[in-house]
Amino acid sequence: MQPAKMKPCRGLAVLGIACGLFHLLVGLQYATHFTSQALHPSLTASGDAYLASFPSWNTENEQDVAGFNRAALSILAHGLPYSRGGTLVLRTVVYSYFVAGCYAVGGIRLLPIAIAQAIASGLTCWILTLATSRLFPRSAMAPWIAGGLYLVNVRVGMYVGYVEPPIPTLLFMAIALWTTTHLTGRWPIVWLVASLVLATYASSTFFVVATAGALWLLLRRRSVAGCLVIVSFVALKFALTWSNAAGNATEPNREADRGGIFWLSNNPYYEEMRPWSLWEWRTSNQWSTWKMSEEEHDRYASYLNRAGQNGLRAALLWIRENPGRYLSVCLARLRTEFGPYTGEMSPRNRLISTVVWLLIFPAGLYGLWQSRGNMSAQFALFVLIAEFTFATFITEEPYLRYRLPVDLLLTAFAGFSYDHWLNRRATVETNLKTPGPS
């Protein structure tokens, strides 16, 4: 009878393979044709030609893809991820080594990155279905529906073709969810701690999710040691970011991590934003209806001057003097966090995000609420509350990228909701067909 028990697991693995292949096609299509950047990386380009296709490459302000590529090349050359200015880049060190490994195996070009991330996305789908089957053992279709929802999530698939960390981060998130379904033993806690720590050093803002996981470990699993390990690694990340321990050179993302991201999202440019406005980073956005006025520009410069050009102090000063406007900005971010898209998305991305949101979010929230007594559901609630709080009071990425771990968790509970509704409908139809007593 053992082979019969393995069939569902094997079937779910096939679903994961299909997901990886589909996301590979989606990711390559988006990376080579649909990106908003002036140059698109070609599948045939390699070496310097490939690197030069990304904005800001070989400039003083190498960020995002250019920054990851620079760190990866440094790893291949020296073993450590240095920036162009010579700073040791530790904020996303796990993803830097992932990119370096892809380039070491397949050469400095797009295809090895896309293939590796497609494999990671397929594994994420498979582990998500396994976690869903353990969460809802009486719901036979729930893991299949959850896997299907993740497969058709084109928002996730497009990141397969980008040199960005969401795909590996979601893999770590799926592992974390799977570990929460194992209520006994030490090893599930070890796997949970490891996945959250690795994700913290893969994605810049995952420390929010990791902190929520540490709190869940402390309150629900009574694991003081696990909580302390996660908190220690989160604190270390902040220490490395805020101090000059990694070197005195100015790393491009350091200003943002030291408070610049807070100033980017909370400053005089947002003074006319209302709770019903679409959230966006008000800098240069071709899809925005906002246009910077001369008065807003002057006020922006004035706050920076008063704060000694320190973004964090400028943001706190603006908030203290404009609490009502800050509240409106927070409400706009909170409303956007519950919604399908932001003001910085293109019409195509808004359509895709709306379809994905309709499939996952309402059903996911319903399933999460129905399962609120479950330990894994409580883990998801901790993560959701932490992420939404951060997005409300600090910032949200214009493509809702910071919310992707929450979307993944809700996908599992959406699978349960759809299975529940289908079973209820089948029961009603059966009752209608059954003749009553004569």
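Summary of the structure given here. (Residues numbered from 1 in each chain as written. Predicted model: local features only at pLDDT ≥ 70, side-chain atom pairs only at ≥ 80, totals over all residues. Heavy atoms only, no water.)

On to the overall build of the chain, then. Secondary structure assignment for the chain yields 18 helices and zero strands. Here the C-alpha radius of gyration of the chain, 23 Å, is about what a compact globule of 438 residues would show, namely 22 Å. For the chain, the C-alpha atoms occupy an extent of roughly 85 × 50 × 45 Å along the three principal directions. The burial tally for the chain puts 53% of its 438 residues in the buried class. Pairs at least 24 residues apart make up 71% of the contacts formed inside the chain by residues separated by at least 6 positions. Counting every atom, the chain has about 20,100 Å² of accessible surface; 64% of that belongs to carbon and sulfur. Charge-centre separation for the chain: the mean point of 35 positive side chains lies 14 Å from the mean point of 24 negative side chains. (Helix = DSSP H or I, 4+ residues; strand = E, 2+ residues; numbered from the N terminus. Rg over C-alpha atoms; globule rule 2.2 N^0.38 Å. Buried < 20%, exposed > 50% of the residue type's maximum accessible area, 1.4 Å probe, protein only. Contact = heavy atoms within 4.5 Å. Areas by Shrake-Rupley, 256 points an atom, 1.4 Å probe, with all protein chains shown as cover. Lys, Arg positive; Asp, Glu negative; His and termini not counted. Charge placed at Lys NZ, Arg CZ, Asp CG, Glu CD.)

Right, let's get into helix α5 (residues 110-135). For α5, built from 26 residues, the straight-helix expectation of 38 Å at 1.5 Å per residue is met to within 8% by its first-to-last C-alpha distance of 37 Å. Counting buried positions over the 26 residues of α5 gives 19, a clear majority of the element. (Expected span 1.5 Å × (residues − 1).)

Our focus in this paragraph is the packing of aromatic side chains. Remark: the centre distance and the inter-plane angle together describe each pair of aromatic rings, the angle taken between the planes. Using the criterion set out here, one finds 20 aromatic pairs in the structure. With a centroid separation of 6.1 Å and an interplanar angle of 85 degrees, the aromatic rings of Tyr50 and Tyr103 are classed as edge-to-face. Taken together, the positions of Tyr50 in helix α2 (residues 47-51) and Tyr103 in helix α4 (residues 93-106) put the pair 53 residues apart, joining distant regions of the chain. Take Tyr50 and Tyr103: they sit in the same class, and that class is buried. Judged by centre distance (5.4 Å) and plane angle (45 degrees), the rings of Tyr269 and Trp290 are tilted. (Phe/Tyr/Trp six-rings, centres within 6.5 Å; stacked < 30°, edge-to-face > 60°.)

Here the focus is the packing of helix α9 (residues 187-200) against helix α10 (residues 207-220). Helix-helix packing is characterised by the crossing angle of the two axes and by the distance between the axes. Interaxial distance between α9 and α10 falls to 8 Å at its minimum, and their mutual angle equals 160 degrees. Overall, the two elements α9 and α10 adopt an arrangement that is roughly antiparallel. When you trace α9 past α10, the crossing you get is left-handed. Between α9, through Ile189, Leu192, Val193, Leu196 and Thr200, and α10, the contact on the second element is made entirely by Phe207, Ala210, Gly213, Trp216 and Leu217. Here the residues of the contact of α9 with α10 are counted per class, giving eight nonpolar, two polar and no charged. (Axes fitted to C-alpha atoms, helices over the stretch in contact; angles between N-to-C directions. Parallel < 35°, antiparallel > 145°, perpendicular 65-115°, else oblique. Left-handed = near helix turned anticlockwise from the far one by under 90°. Nonpolar A, V, L, I, M, F, W, Y, C, P; charged D, E, K, R; others polar.)

Looking now at a nonpolar patch on the surface. Together, Leu215, Leu218, Leu219, Val224 and Leu228 make up an exposed nonpolar region whose accessible area comes to about 400 Å². Where the nonpolar patch is concerned, the elements lending two or more residues are α10 and α11 (224-242). Considering every element that reaches the nonpolar patch, the biggest residue donor is α10, with three residues. In this structure, Leu215 sits in helix α10. (Patch = residues over 30% accessible without salt bridge, like charges linked within 9 Å, V, L, I, M, F, W, Y side chains within 5 Å. Salt bridge = Lys/Arg side-chain N within 4 Å of Asp/Glu carboxyl O.)

Moving on to the environment of Leu381. Note that Leu381 resides in helix α17 (residues 375-393). Along the sequence, Leu381 and Trp187 sit 194 residues apart, while their C-alpha atoms lie 23 Å from each other.

The next thing to look at is the pattern of salt bridges. Evaluated as defined, the whole model comprises 10 salt bridges. Across the pair Arg70 and Glu62 runs a salt bridge, and its minimum N-O distance is 2.8 Å. Glu62 carries the same exposure label as Arg70, and that label is buried. Salt-bridge contacts for Arg403 lead to Asp407; the nearest nitrogen and oxygen are separated by 3.1 Å. According to the relative accessible area criterion, Arg403 is buried, its value standing at 2%. Take Asp407: its relative accessible area is 8%, and that puts it in the buried class. Salt bridges sharing partners connect three or more residues here, namely Arg155, Arg403 and Asp407.

Now for the nonpolar core. Counting 118 residues, the largest nonpolar core has Tyr50, Tyr150, Val163, Met173, Ile230, Phe379 and Phe413 as its most contacted members. In contact with Phe379, not counting residues within four places along its chain, are Met173, Ala176, Thr180, Leu192, Gly213, Trp216 and Leu409. (Core = buried A, V, L, I, M, F, W, Y, C linked by side-chain atoms within 4.5 Å.)

Our focus in this paragraph is the side chain of Thr132. Looking at where Thr132 falls in the secondary structure, it is placed in helix α5. If we ignore the near neighbours within four places in the chain, the residues touching Thr132 are Ala142, Pro143, Ala146 and Ala412.

Another point: α10. Its 14 residues give α10 an end-to-end C-alpha distance of 19 Å, which sits within 8% of 20 Å, the value for a rise of 1.5 Å per residue. When α10 is considered as a whole, its buried residues turn out to be Phe207, Val208, Val209, Ala210, Ala212, Gly213, Ala214, Trp216 and Leu217. Two residues or fewer past α10, Arg222 is found with a positive phi of approximately 55 degrees.

For the pair α5 and helix α6 (residues 142-151), the least separation of the axes is 8 Å and the interaxial angle reads 155 degrees. In terms of orientation, α5 lies roughly antiparallel with respect to α6. Seen from above, α5 lies across α6 with right-handed handedness. Of α6, the residues touching α5 (which contributes Ser121, Thr124, Cys125, Leu128, Thr129, Thr132 and Ser133) are Ala142, Pro143, Ala146, Gly147 and Tyr150. Grouping the constituent residues of the contact of α5 with α6 by class yields six nonpolar, six polar and no charged.

In short, geometric facts, not functional conclusions.
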